[in-house]
Amino acid sequence: MTSTAVSSLGSPIRVGLVGLSARGGWAPRSHLPALSALKGYELRALSASSQASARAAGEKYGVPLAFGSSEELVRSDEVDLVVVSVRVPLHREVILAALGAGKAVLSEWPLGNGLAEAEELAAAAERAGVRTFVGLQARSAPAVRYVRELVADGYVGEVLSTSLVASGRGWGPVFEPSGAYLLDERNGATMLTIPFGHTVDAVTMALGEFTEVSATLATRRPVVREAGTGRAAAMTAADQIAVSGRLESGAVVSAHFRSALSRGTDFHWEINGTEGDLVVTGDSGHLQQAAVTVRGGRGAERGLTELPVPEHHFGVPELDGLRGVPSYEVAYNVGAQYARVLADLTEGTTHTPDFAHAVRRHRLLDAIGRAAATGHRVAV
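Residues numbered from 1 in each chain as written. Predicted model: local features only at pLDDT ≥ 70, side-chain atom pairs only at ≥ 80, totals over all residues. Heavy atoms only, no water.

S.K.: Help me get a handle on empty space enclosed by the protein, residues and values and all.
M.R.: Inspection of every chain in the model, using the stated rule, returns 1 cavity of 30 Å³ or more. The computed volume of the largest cavity comes to approximately 90 Å³. Taken together, 13 residues make up the lining of the largest cavity; nearest its centre are L164, V200, V203, V253 and A255. Broken down by secondary-structure element, the contributors of at least two residues to the lining of the largest cavity are β7 (159-167), α9 (192-207) and β13 (252-258). Residues belonging to the lining of the largest cavity are distributed by class as follows: 9 nonpolar, 4 polar and no charged. (1 Å grid on protein atoms, 1.4 Å probe; cavity = no way out; pocket = protein on both sides within 12 Å on 5 of 7 lines; lining within 4 Å. Points joined across faces, edges and corners; volume = space filled by probe spheres on them. Helix = DSSP H or I, 4+ residues; strand = E, 2+ residues; numbered from the N terminus. Nonpolar A, V, L, I, M, F, W, Y, C, P; charged D, E, K, R; others polar.)

Structure below.
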C-alpha cells in the first residue's frame, strides 16, 4: 500500500469481518473480543452465508452493517480493512474481491488452498498495491516472542538442534459435524496446514528458516466417526506428520505431530545449544492458542527452572482486561496481532506477516508434502 493509501484510512480503522456467525465459532472467540478491547478499530460490518444469518449475527454482536454476502461487504465505502475468517476453500473468492475493491486484507491462515493459490493471491495483492496481512498469531504469543529474545540474546549459545512433539487436537477418531470439511486434504485445512503450519512459523521466527526437509505423512485412521451420530466418514488428511531438516544456521530439526490429544505429551518444544537448553511445554500443538510454559537451564545448572515471560512481551495494555477470561490466549494473540496491524496501516511499518510471507510458509509445507511423496530430501 502506498503512503497515500495508508493516510486515507479512517480513524478508527473500520473493519468488515467475513465469517462472524451468531452460532459461534472461531471469530466470536478471537476476533470479536480482540477488536472490542482495542482502540483504533471499529467493527463496522459483517457478512454471513445469508441475509438472515447476517442479521442474526449483527443483532447479537451489535455490528451496524450486516451483509448477506461478502461481495456486498467488500464494496462498502464504510469498510477499510476486510478480515477473512471463513473456511479455507472460500478464501480465494473473498480475498480477490476485496483486493479488486482496493481494500486492505487480513486473512486467516492458511492463506490459500495450496501453494499455487497462495501465490496467486500474493501476486494479486502486489498488483492492487494494498496492504495485506496473514493470521499467523503464534508469533504474537508473548511466550514465543520471549523464546526468540532468549535465543537472540545467547541464552543457549549456538543452537545445535531443536525437537518438537505435539498433538493436533483434531483429526482423531471422532470429529464434530462442523469440522467434517477438515477430513478431506483437498480442502487445504489439515493438521499439516493449520496446527503444524502455525507452530512451524513460530519455530522459524525464533530460530530461522529451513533450508531442507525430509518427511513422512500418514493417515493412520482412514475412517473416523461423527460425534453424536457415530456416522462413519473417510479421512484423507494426514494424522501423523514427521519432519526432519536443517535451518539456515545449520541447526538440525525434528518435529512430530500426532492427531487428537495424548495422555502423555501434548506440546513439547526443546531448543538445545552449546551453552544451554530451553523447553516450552503446553496443552496442544496449536501454538497460536495454547497455554505454554517456558523453562531453561544454562552453564553449570543441572536442571531446568521456569522462566516467567517478562511483562514487556505483553506489550498491548488495552488487552490486559482479557486476562482470566476463557480462551485468553486465543483472544490475546489475535489482539496483539491486530495491534501490530494497526501500526502497519497507520504508520507504514511492517510488523505483521503479509501475503508474501504466507507464500514462504506455504512453500515450506509444499516442500514437506513433496518430500513425503517422493521419499527424498527436498530443498526449501
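S.K.: With reference to specific residues and values, describe the packing of helix α8 (residues 142-152) against α9.
M.R.: Running from amino to carboxyl end, α8 crosses α9 at an angle of 30°, the nearest separation of the two axes being 8 Å. With respect to α9, the element α8 is oriented roughly parallel. Between α8 and α9 the crossing geometry is right-handed. Between α8, through V144, R145, V147, R148 and V151, and α9, the contact on the second element is made entirely by A202, M205, A206 and L207. Considering only residue class, the contact of α8 with α9 consists of 7 nonpolar, no polar and 2 charged. (Axes fitted to C-alpha atoms, helices over the stretch in contact; angles between N-to-C directions. Parallel < 35°, antiparallel > 145°, perpendicular 65-115°, else oblique. Left-handed = near helix turned anticlockwise from the far one by under 90°. Contact = heavy atoms within 4.5 Å.)

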